[in-house]
Amino acid sequence: MTPATSARHVAMTCQVASHLLGYPDEDFRARLPLLEDAVASLPAGRAHTGLARFVDHVRTAPARELAEHYVSTFDRRRRCCLYLTWWTDGETRRRGQALAALKERYRRGGLELGSRELPDFLPVVLEYAATGDLADGLAVLQEQRAGLELLRIALEDAGSPYADVVTAVCSL
């Protein structure tokens, strides 16, 4: 954190990024005004710039186009994987152990996960940082920094507007 960036702003950046990296369904659209307000309240910097640019894109893009882009980007391209331990452990037993360790870490930090999503899903990690334990959530992101950077580069190479969101996260 820089002196100009408070813990509250970092947590807000994580919370906004978590929502923006989720599937763009009707609930996503309904939250957009709140997300716009949150982004507007962030201090100037890379996080604000990236999130604001993505929110502007979402505001003007047709819903169907957003959904199709999300699926083609995150579900059909291995290089754009939002599951952070996949970058380091692939589909191995070691990844299962890493997932279990993350789930326990979240539990200790006050976040109980349901069975719907894996604990290494980037929006889940960001949610933990925002609402659970900010310091530990940022530590998880730092531990997964190589995968985050590879994801950011892959999104940039693909020309995806999601690169702005991941760039905002990497700026933390």
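Treat the numbers as computed from the prediction; the structure is a model and nothing was measured.

What counts as what
Residues numbered from 1 in each chain as written. Predicted model: local features only at pLDDT ≥ 70, side-chain atom pairs only at ≥ 80, totals over all residues. Heavy atoms only, no water. Helix = DSSP H or I, 4+ residues; strand = E, 2+ residues; numbered from the N terminus. Rg over C-alpha atoms; globule rule 2.2 N^0.38 Å. Buried < 20%, exposed > 50% of the residue type's maximum accessible area, 1.4 Å probe, protein only. Contact = heavy atoms within 4.5 Å. Areas by Shrake-Rupley, 256 points an atom, 1.4 Å probe, with all protein chains shown as cover. Lys, Arg positive; Asp, Glu negative; His and termini not counted. Charge placed at Lys NZ, Arg CZ, Asp CG, Glu CD. 1 Å grid on protein atoms, 1.4 Å probe; cavity = no way out; pocket = protein on both sides within 12 Å on 5 of 7 lines; lining within 4 Å. Points joined across faces, edges and corners; volume = space filled by probe spheres on them. Nonpolar A, V, L, I, M, F, W, Y, C, P; charged D, E, K, R; others polar. Polar contact = N/O pair within 3.5 Å; in protein donor to acceptor, adjacent residues only side chain to side chain. Phe/Tyr/Trp six-rings, centres within 6.5 Å; stacked < 30°, edge-to-face > 60°. Salt bridge = Lys/Arg side-chain N within 4 Å of Asp/Glu carboxyl O. Axes fitted to C-alpha atoms, helices over the stretch in contact; angles between N-to-C directions. Parallel < 35°, antiparallel > 145°, perpendicular 65-115°, else oblique.

K.L.:
Whenever I open this one, the overall build of the protein confuses me. Can you help?
P.N.:
Looking only at helices and strands, one finds 10 helices and zero strands in the protein. Starting at the N terminus, the α and β elements of the protein follow one another as α-α-α-α-α-α-α-α-α-α. Against the globule reference of 16 Å for 172 residues, the protein gives a C-alpha radius of gyration of 15 Å, in line with a compact fold. Viewed in the frame of its principal axes, the protein has a C-alpha envelope of about 40 × 40 × 30 Å. Looking at the 172 residues of the protein, the share that counts as buried comes to 47%. Within the protein, residue pairs in contact and separated by at least 24 positions form 60% of the contacts whose partners lie at least 6 positions apart. Carbon together with sulfur atoms contributes 52% to the accessible area of the protein, which is approximately 8,700 Å² in total. Looking at charge distribution, the protein has the averaged site of its 21 positive side-chain charges lying 4 Å from that of its 23 negative ones.

K.L.:
When you look at the layout of surface pockets in this model, what are you seeing that I'm missing?
P.N.:
Any empty space left between atoms is shown by rolling a water-sized probe over those atoms. For the largest pocket, the calculated volume is near 480 Å³. At the level of secondary structure, the elements contributing two or more residues to the lining of the largest pocket comprise α1 (7–20) and α7 (122–131). Here the lining of the largest pocket takes three residues from α7, the largest share from any one element. In terms of residue class, the lining of the largest pocket is made up of seven nonpolar, four polar and five charged.

K.L.:
Please explain helix α8 (residues 134–143) as it appears in this structure.
P.N.:
Think of an α-helix as 3.6 residues a turn; residues three or four steps apart then line up on the same face. Buried within α8 we find L134, D136, G137, V140 and L141. Residues of α8 that are buried make contact with α1, α5 (84–89), α6 (93–108), α7, α9 (145–157) and α10 (162–170). The distance from a side-chain oxygen at the start of α8 to the backbone nitrogen of A135 is 3.2 Å, and the residue carrying that oxygen is D133.

K.L.:
Is there a simple way to explain the side chain of Q144 in this structure?
P.N.:
Its place among the elements puts Q144 in the loop between α8 and α9. When its relative accessible area of 12% is taken as the criterion, Q144 is described as buried. Residues in contact with Q144, not counting those within four places in the same chain, are L84, T85 and T88.

K.L.:
Can you help me understand the packing of aromatic side chains in this one?
P.N.:
Two measures describe an aromatic ring pair: the distance that separates the ring centres and the angle between the ring planes. Applying the stated rule across the entire model yields seven aromatic pairs. The structure contains a cluster of three or more aromatic residues connected by ring pairs, namely Y23, F54, Y70, F74 and Y162.

K.L.:
Teacher, can you tell me more about the pattern of salt bridges here?
P.N.:
Pairing between side chains of opposite charge can happen when the charged atoms of each approach one another. Summed over all chains, the structure comprises 14 salt bridges. Notably, a salt bridge pairs R152 with E149, separated by 2.7 Å at the nearest N-O pair. Taken together, the residues R152 and E149, both in helix α9 and three residues apart, mark about one turn of the helix. The pair R152 / E149 is uniform in exposure class, with both members buried. Put simply, E104, R107, R108 and E112 are held in one network by salt bridges that share partners.

K.L.:
Can you walk me through the packing of α7 against α8 in this structure?
P.N.:
When two helices pack together, their arrangement is given by the angle between their axes and by how far apart the axes lie. The interhelical angle for the contact between α7 and α8, taken along N-to-C directions, is 150 degrees, at an axis separation of 7 Å. Of the possible angle classes, the one that applies to α7 and α8 is roughly antiparallel. In this structure, α7 uses L122, V125, L126, Y128 and A129 to contact α8, whose residues at the interface are L134, D136, G137, L138, V140 and L141. Its residues assigned to classes, the contact of α7 with α8 shows nine nonpolar, one polar and one charged.

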